[in-house]
Amino acid sequence: MNKIKEHLDRCLKEMRIDSELQGEILNKTTGTWQSKKAGKRHYQKIGAAAVILFFCMTSVTALGAAVPSVQNWIFRVSPEVAGLLYPIEESCEKEGIRLSVVAGINDEHNADIYFTLQDMEGKGRTSDKADLMDSAGINGSSISGVEFINYEEETQTAFYVLHESGNFAKRTNVFRINEIMFNKHIFEWFQTEINLADLAGKKPETEDLFAYEYGGGSSEGTDASILLPDVMNLSLGEEIDFMTISNIGMVDGKLHIQTKWDKSFDNHGEFWLLEKGKEPEEYSDAVPHNNYYFRTEEDLENTGNGYFSNHIEFVYDIGIEELENYVLWARIVKDGQIVKGGWQVSFSMGDLEKIVLEPETDAVDRIIITPISMYLEGFKGNAEECEAFLKMKDGSRVSFSIKDIRNDEEYGKAHMEQEAGEWNINFVTGKIVEIGEIESVVINRKEIPVKP
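Conventions we followed
Residues numbered from 1 in each chain as written. Predicted model: local features only at pLDDT ≥ 70, side-chain atom pairs only at ≥ 80, totals over all residues. Heavy atoms only, no water. Core = buried A, V, L, I, M, F, W, Y, C linked by side-chain atoms within 4.5 Å. Buried < 20%, exposed > 50% of the residue type's maximum accessible area, 1.4 Å probe, protein only. Helix = DSSP H or I, 4+ residues; strand = E, 2+ residues; numbered from the N terminus. Contact = heavy atoms within 4.5 Å. Polar contact = N/O pair within 3.5 Å; in protein donor to acceptor, adjacent residues only side chain to side chain. pLDDT = per-residue confidence, 0-100. Pairing = 2+ DSSP bridges. Axes fitted to C-alpha atoms, helices over the stretch in contact; angles between N-to-C directions.

**What to know about the nonpolar core**
Where a protein is soluble and globular, its nonpolar side chains tend to be buried together.
Here's step 1: Counting residues in each nonpolar core, the largest one holds 29 residues, and the members touching the most others are L255, F271, L273 and Y316.
Here's step 2: Those elements that provide at least two residues to this core are β10 (185–191), α7 (196–199), β14 (243–251), β15 (254–264), β16 (268–275), β18 (308–316) and β19 (326–334).
Here's step 3: Those residues in contact with L273 that lie beyond four places of it in its chain are L196, L255, A286, V287, Y316, I318, L323, Y326, V327 and L328.
Here's step 4: Ranked by size, the runner-up nonpolar core spans 28 residues in total, among them L117, A158, F168 and F182.

**Some details on the side chain of S440**
Here's step 1: Inspection of the secondary structure puts S440 in strand β28 (residues 438–443).
Here's step 2: Exposure remark for S440: the relative accessible area of 1% places this residue in the buried category.
Here's step 3: Within the local environment of S440, its side chain forms a polar contact with the side chain of E447, the two groups lying 2.8 Å apart.
Here's step 4: When near neighbours in sequence (up to four residues on either side) are disregarded, S440 contacts F389, L390, K391, E447, I448, P449 and V450.

**Overview of the confidence of the model for the chain**
Here's step 1: For the chain, the average pLDDT comes to 79, and 77% of its residues sit at 70 or higher.
Here's step 2: This stretch, residues 1–79, has a pLDDT under 50; its non-local contacts, to residues over four places away or in other chains, come to 146 contacts.

**Details of the environment of P280**
Here's step 1: Mapped onto the elements, P280 comes out in the loop between β16 and β17 (289–295).
Here's step 2: On a C-alpha basis, the gap between P280 and A330 in space is 9.2 Å, while along the polypeptide they are 50 residues apart.
Here's step 3: Apart from the residues within four sequence positions on either side, P280 is in contact with W189, W272, L274 and W329.

**Structural notes on the sheet that holds β16**
Here's step 1: Strand order in the open sheet formed by 3 strands is β10-β19-β16, and the pairing between neighbours is antiparallel. Looking at which strands have only one partner, the edges of the open sheet turn out to be β10 and β16. The mean inter-strand angle of the sheet, taken between neighbouring strand axes irrespective of direction, is 10 degrees.
Here's step 2: Looking at chain direction, β16 and β19 are connected through 8 bridges and run antiparallel. The partner of F271 across the bridge, within β19, is A330.

Here it is, written out as structure tokens:
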């Protein structure tokens, strides 16, 4: 890594190592997250290979300024790096915001695409983490996730990475962002000054939750009761004019606080009930609570085209006699400026070398190994507990983490002979795998040799 840095310092004086950014990237390589899409659960592992770490250790200023030079210096630094990381020199500018796709790495199951958003009009719109409003991705992708990496104040450029699942090799790909939200307004934690004991002391009217359109939350049955909507209209402040407290009361020995939210893309908030004298720090200090999302007829009339109007009822496990000793805290987020630009950038990438194994074992039908991942097709067993690593010829090990799990019965069969109940598991690693140095694959303690 020092040799690479020396070369960059010599050839491109404007590039520098940003230690804070390096820390951000290192954190991304060990972070896991879960997402739900179309009702299916996927386990995501954010794993940036060593070459990606090398690429991203240069500052955003350098990336923005040196995009035309990326291809040249990558080839000068290392042919191996050039064969893995694909420089992309494509941009699209609309509504004063420039989208630049900088570089990417991919195999037939995974891709990480690095891109920047720059405010060309100097309005500071990119200074905070933009909300891409679930509109960013590559056409034909199956799972998408965008992560903010860093921001360069001088050029008003924000740096992101798009994590995708899918095969984007040797074809024209279209990276798209339909709309972007900038400058969300966050009302940080504040006391609501609501006298809960007084307002909750009156017997409230209730309704069956499922008399309304249920939008999700913590309900586990069909007999949940909620407060009659819109009995109150309590404001939390002049600037917070997009939501109100619409009812408060005790139902079945628990405190219910009902909130009403105007039409928005993602206005939302947190409400913690804390003992007097405490401030919001750890959620474990707050009274446990559930929540119910539902829509009245008025809400339904205001919902559509990606925008929503909701009621959210928070249910706290606390009795009326304890309320005098508690304070309701709130943290509210209001939609920012929404810019509809329809940004699109076309680009192409190659593919990574791979090893394909069809072992004589009942555990798995097929194993595909690339420098950045390992893919198991037709795995039999508990996919969530599957453990796999590579044994290298020098005695070292390369470990993997699960990125996603798919059942072919749900997602389309890769091989027609595959039976229902088998799983495809996508593993990723945090380093570059030297394909020619692999001795064997170990899956749930069973060793499978890799023959030359």
